Amino acid sequence: MTYAKAVVSACLLLSLCQCDKVMSALKPAKAPPGPFAYTLRLDMTPAAAARMKEKDYHLNVHAFYYGRAVVPKAANADELNRIQLGYELNPFPADTRAMAMTGEGIDSRLFGQIEDEQPYVLITVYAVNRGNFENDMLTCNNYINQIAEVRKTAAVVRCHLQGEAG
């Protein structure tokens, strides 16, 4: 079979099974340009994915940006010695599996107050209904890492239904 025939056959097969949605969900979202942009991937169990579709939910991704205070117990640090650098809240459709996060919530003017001027991100994902109320049917692990590391390899958050082995 020639290359052209193989490509045409693959396209026909994909169009028949409507696999374009599956393929686009598996492709990594390209992180937008910017010094703090990164990619977030969701690893959702099949049962959780099906339930999210049937209940017409969407996902809210909370990204809390912080750094470890240079001075222990700094006046503007919290009880965990973190300096808040910003916050980002992004809604995504329930079938999204790769999200491009901008990191635009980071206030780099505060970098002089944090260790090595390296910001961290704490990511939390929630299922949200049409009325924008959080629902606890979905359990997702939190993700914490330095932005520099997240930019090298995508952050991965795993989600499953309450009561389902995750």
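Relevant structure appears above.
Residues numbered from 1 in each chain as written. Predicted model: local features only at pLDDT ≥ 70, side-chain atom pairs only at ≥ 80, totals over all residues. Heavy atoms only, no water.

Enquirer: Help me understand the nonpolar core in this model?
Expert: In summary, soluble globular proteins display a tendency toward joint burial of nonpolar side chains. Tyr38, Met44, Met52, Ile123, Leu138 and Val157 are the most contacted members of the largest nonpolar core, which totals 39 residues. With near-sequence residues (within four places) excluded, Ile123 lies in contact with Tyr38, Leu40, Val61, His62, Asn141, Asn142, Tyr143, Ala155 and Val157. (Core = buried A, V, L, I, M, F, W, Y, C linked by side-chain atoms within 4.5 Å. Buried < 20%, exposed > 50% of the residue type's maximum accessible area, 1.4 Å probe, protein only. Contact = heavy atoms within 4.5 Å.)

Enquirer: What is the right way to look at the state of the cysteines in this model?
Expert: One way to say it: the disulfide is the covalent bond shared by the sulfur atoms of two cysteines. Tallying each qualifying case throughout the model produces one disulfide. The disulfide bridge from Cys140 ends at Cys159, spanning 2.1 Å between sulfur atoms. Here Cys140 and Cys159 share a disulfide; its torsion about the S-S bond, 110 degrees, makes the bridge right-handed. Here Cys140 is found in strand S7 (residues 138-140), whereas its partner Cys159 is found in strand S9 (residues 155-161), with 19 residues between them in sequence. (Disulfide = S-S within 2.5 Å. Helix = DSSP H or I, 4+ residues; strand = E, 2+ residues; numbered from the N terminus.)

Enquirer: I'm lost on the pairing of strand S2 (residues 58-68) in this one. Help?
Expert: Successive side chains on a regular strand alternate, one facing one side of the sheet and the next facing the other. Burial of S2 is extensive: nine of the 11 residues sit out of reach of the surface. As paired strands, S2 and strand S3 (residues 82-93) are joined by 11 bridges and run antiparallel to one another. Opposite His62, over in S3, you have Leu89 as the bridge partner. For S2 and strand S5 (residues 120-128), the ladder comprises nine bridges, and the chain directions are antiparallel. For Ala63, the partnering residue across the bridge sits in S5 and is Ile123. (Pairing = 2+ DSSP bridges.)

Enquirer: It is not clear to me how the sheet that holds strand S1 (residues 38-44) should be interpreted in this structure. Could you clarify?
Expert: Strands pair in a sheet through their backbones, by hydrogen bonds, and they do so in one of two ways: parallel or antiparallel. Pairing is mixed across the open sheet formed by four strands, whose spatial order is S4-S1-S9-S7. On the outer flanks of this sheet lie strand S4 (98-101) and S7, each paired with one strand and no other. Neighbouring strand axes in the sheet, compared pairwise and without regard to direction, differ in orientation by 25 degrees on average. Here S1 runs beside S4; their pairing, made up of four bridges, is antiparallel. Across the sheet, the residue bridging to Arg41 is Ala98, located in S4. Along the sheet face, helix H3 (residues 46-54) touches S1, S7 and S9 and points at about 75 degrees away from the line of S9. (Axes fitted to C-alpha atoms, helices over the stretch in contact; angles between N-to-C directions.)

Enquirer: Sorry if this is basic, but what is going on with the side chain of Glu88 here?
Expert: One can find Glu88 in strand S3. The side chain of Glu88 is buried and forms no salt bridge, while Arg151, the nearest opposite charge, is found at 11 Å. Other than its neighbours up to four places away in sequence, Glu88 contacts Val61, His62, Ala63, Tyr65, Met101, Thr102, Gly103, Glu104 and Gly105. (Lys, Arg positive; Asp, Glu negative; His and termini not counted. Salt bridge = Lys/Arg side-chain N within 4 Å of Asp/Glu carboxyl O.)

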